[in-house]
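Coordinate inspection notes
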Amino acid sequence: MDRSATGEERAAAGSGAIGRREVRLVVGGMAHDFDFVRMELLRALGEEPRNRVAVSATYEEFDGHRDTALISYTCNVEPSPEAALRLRDFVEQGGRWLALHATNSLLEWGGEGVSGRPAAGDFLETLGSSFQAHPPIGPYEVRPGPVADPLSAGIAPFTIEDELYLSDYAGDIEVLLHARFGGAAPGFVRDDWPERDHAVLYRRTLGAGEVLYFTPGHARGHYDAPHRTPFYPHVERGAWVVPEFREVLARCLRWACRVPVIEGEEA
């Protein structure tokens, strides 16, 4: 039998406590197993029945509505100038953007190796960083940053075997997880890096909104590097097999969807 909502139900709906939650998932590009990543993210987002996820391979379809949770895992996907401005406006007006792994990678190939763009322009400056290089895939230790935060609370140092991103930064960022590296990054124009800490998880505040960037999560299957070989011999799952990575990622997804990151926290 049909009935009217109670006052409590109407108040809950108005506060966002019930009702659907719009999520835009942008997954696509080159050199990664996007099918694997897309399914893993959809599976995680699907654990919350309120989440209704629209999926695209580019940023052009995102309308920029401030209340939408924006989550991206792209590589060499550059939005049009109009879409890049829409992304910047989305964040400045209070939106939350969770960017994963290679989202900040706009790559160029030359005789001296692979290079990344400068950390400038509406897209990369909004993200707060631009990928420049990574050392060969190998183990590295991820440690909490200097700032206490629910996203990293209780996470002890852990080791992953993944691409350690070496990036340039635009503006101020708040580092929540980091890794230390110095040495060679073969194949990249910038192939020699002094030893220092590199951000693994950071937050960037821009206007009324925020970007959260989590750099691990490399994935590649047999058929995901046609620019190098028709059949890639190794299936790479990187940090996806590490429980601590999965826990931090789950917290990041909750953050993007504006739900408590850890039990007892305010949304």
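The model shown is predicted, which means the values in this text are computed figures rather than measured ones.

Some points on helix α2 (residues 34-45)
An ideal rise of 1.5 Å per residue puts 16 Å on twelve residues; α2 measures up with 16 Å between its terminal C-alpha atoms. Among the residues making up α2, those that are buried are F34, F36, V37, E40, L41 and L45. Buried residues of α2, seen end-on, are gathered within an arc of 160° and therefore sit on one face of the element.

As for the pairing of strand β1 (residues 21-29)
Each regular strand shows side chains that alternate between the opposite faces of the sheet. Summarising burial for β1: seven of the nine residues are buried, a large majority. Across six bridges, the pairing between β1 and strand β2 (residues 51-56) is parallel. Its bridge partner lying in β2, R21 is registered against N51. For the handedness criterion, the β-α-β arrangement of β1, α2 and β2 is classed as right-handed. Summarising the sheet, β1 and strand β3 (residues 69-75) pair through seven bridges and their orientation is parallel. Counterpart to G29 in the pairing with β3 is C75.

A word on the sheet that holds strand β4 (residues 96-100)
Across the sheet, which stays open at both edges, the nine strands sit in the order β2-β1-β3-β4-β13-β12-β11-β8-β9 with mixed pairing between neighbours. A single partner strand is all that each edge strand has here, and the edge strands are β2 and β9 (158-162). Adjacent strand axes in the sheet meet at a mean angle of 25° when their direction is disregarded. Examined bridge by bridge, strand β11 (residues 174-184) and strand β12 (residues 192-206) share nine bridges and lie antiparallel to one another. Residue pairing across strands places A184 opposite D192, the latter belonging to β12. Across the sheet, α2 lies against β1, β2, β3 and β4, angled at about 165° from β1, the strand it touches most.

Observations concerning the nonpolar core
With 52 residues, the main nonpolar core has L41, I71, L98, L201, F214 and W240 as its most contacted residues. Among the elements that take part in this core, helix α5 (residues 243-256) stands out by supplying seven residues, more than any other. Among all residues touching L41, those that are not within four sequence positions of it are L25, V27, L100, W240, L249 and L253. Core analysis: the second largest hydrophobic core is formed by 20 residues, L70, A99, L206 and V211 among them.

Regarding the side chain of T103
If you trace the backbone, T103 turns up in the loop between β4 and β5 (107-110). Engagement of the side chain of T103 in a polar contact is seen with the side chain of S72, the distance being 3.2 Å. Polar side-chain contacts of T103 include one of 2.9 Å to the backbone oxygen of L100. If near-sequence neighbours (up to four positions away) are discounted, T103 is found in contact with Y59, S72, Y73, T74, W97, F123, L127 and Y213.

Concerning the pattern of salt bridges
Scanning the entire structure with this criterion turns up 20 salt bridges. R88 is the salt-bridge partner of E92, the closest N and O atoms lying 3.3 Å from each other. Here R88 and E92 lie together in helix α3 (residues 81-92), a separation of four residues that amounts to about one turn. The class of E92 is partly exposed, set by a relative accessible area of 27%. Across the salt bridge formed by R180 and E195, the nearest N and O atoms sit 3.3 Å from each other. Separated by 15 residues along the polypeptide, R180 in strand β11 and E195 in strand β12 bring together distant segments of the chain.

Here's the deal with the packing of aromatic side chains
All chains considered together, the criterion is met by 13 aromatic pairs. For the ring pair F36 and W240, a centre distance of 5.6 Å and an interplane angle of 85° mean the geometry is edge-to-face. With F36 in helix α2 and W240 in the loop between β13 (209-214) and α5, this pair connects stretches of sequence that are 204 residues apart. For W240, a relative accessible area of 4% puts it in the buried group. For the pair F62 and F90, a centre-to-centre distance of 5.0 Å together with 85° between the ring planes defines the contact as edge-to-face. Here F62 is found in the loop between β2 and β3, whereas its partner F90 is found in helix α3, with 28 residues between them in sequence. Both residues of the pair, F62 and F90, count as buried. Three or more aromatic residues joined by ring pairs form one cluster here, namely F36, F214, W240 and F245.

Here we look at the confidence of the model for the chain
Residues at a pLDDT of 70 or more form 91% of the chain, whose mean pLDDT is 93. Model confidence for the chain, summarised as mean pLDDT per element, is weakest for helix α1 (residues 7-15) at 40 and strongest for β4 at 99. Low pLDDT, under 50, characterises residues 1-16; the stretch is placed with seven contacts to residues that sit more than four places away or in other chains.

Parameters at a glance
- Residues numbered from 1 in each chain as written.
- Predicted model: local features only at pLDDT ≥ 70, side-chain atom pairs only at ≥ 80, totals over all residues.
- Heavy atoms only, no water.
- Helix = DSSP H or I, 4+ residues; strand = E, 2+ residues; numbered from the N terminus.
- Expected span 1.5 Å × (residues − 1).
- Buried < 20%, exposed > 50% of the residue type's maximum accessible area, 1.4 Å probe, protein only.
- Arc of directions from axis to C-beta.
- Pairing = 2+ DSSP bridges.
- Right-handed = clockwise from strand over helix to strand, strands pointing away.
- Axes fitted to C-alpha atoms, helices over the stretch in contact; angles between N-to-C directions.
- Contact = heavy atoms within 4.5 Å.
- Core = buried A, V, L, I, M, F, W, Y, C linked by side-chain atoms within 4.5 Å.
- Polar contact = N/O pair within 3.5 Å; in protein donor to acceptor, adjacent residues only side chain to side chain.
- Salt bridge = Lys/Arg side-chain N within 4 Å of Asp/Glu carboxyl O.
- Phe/Tyr/Trp six-rings, centres within 6.5 Å; stacked < 30°, edge-to-face > 60°.
- pLDDT = per-residue confidence, 0-100.

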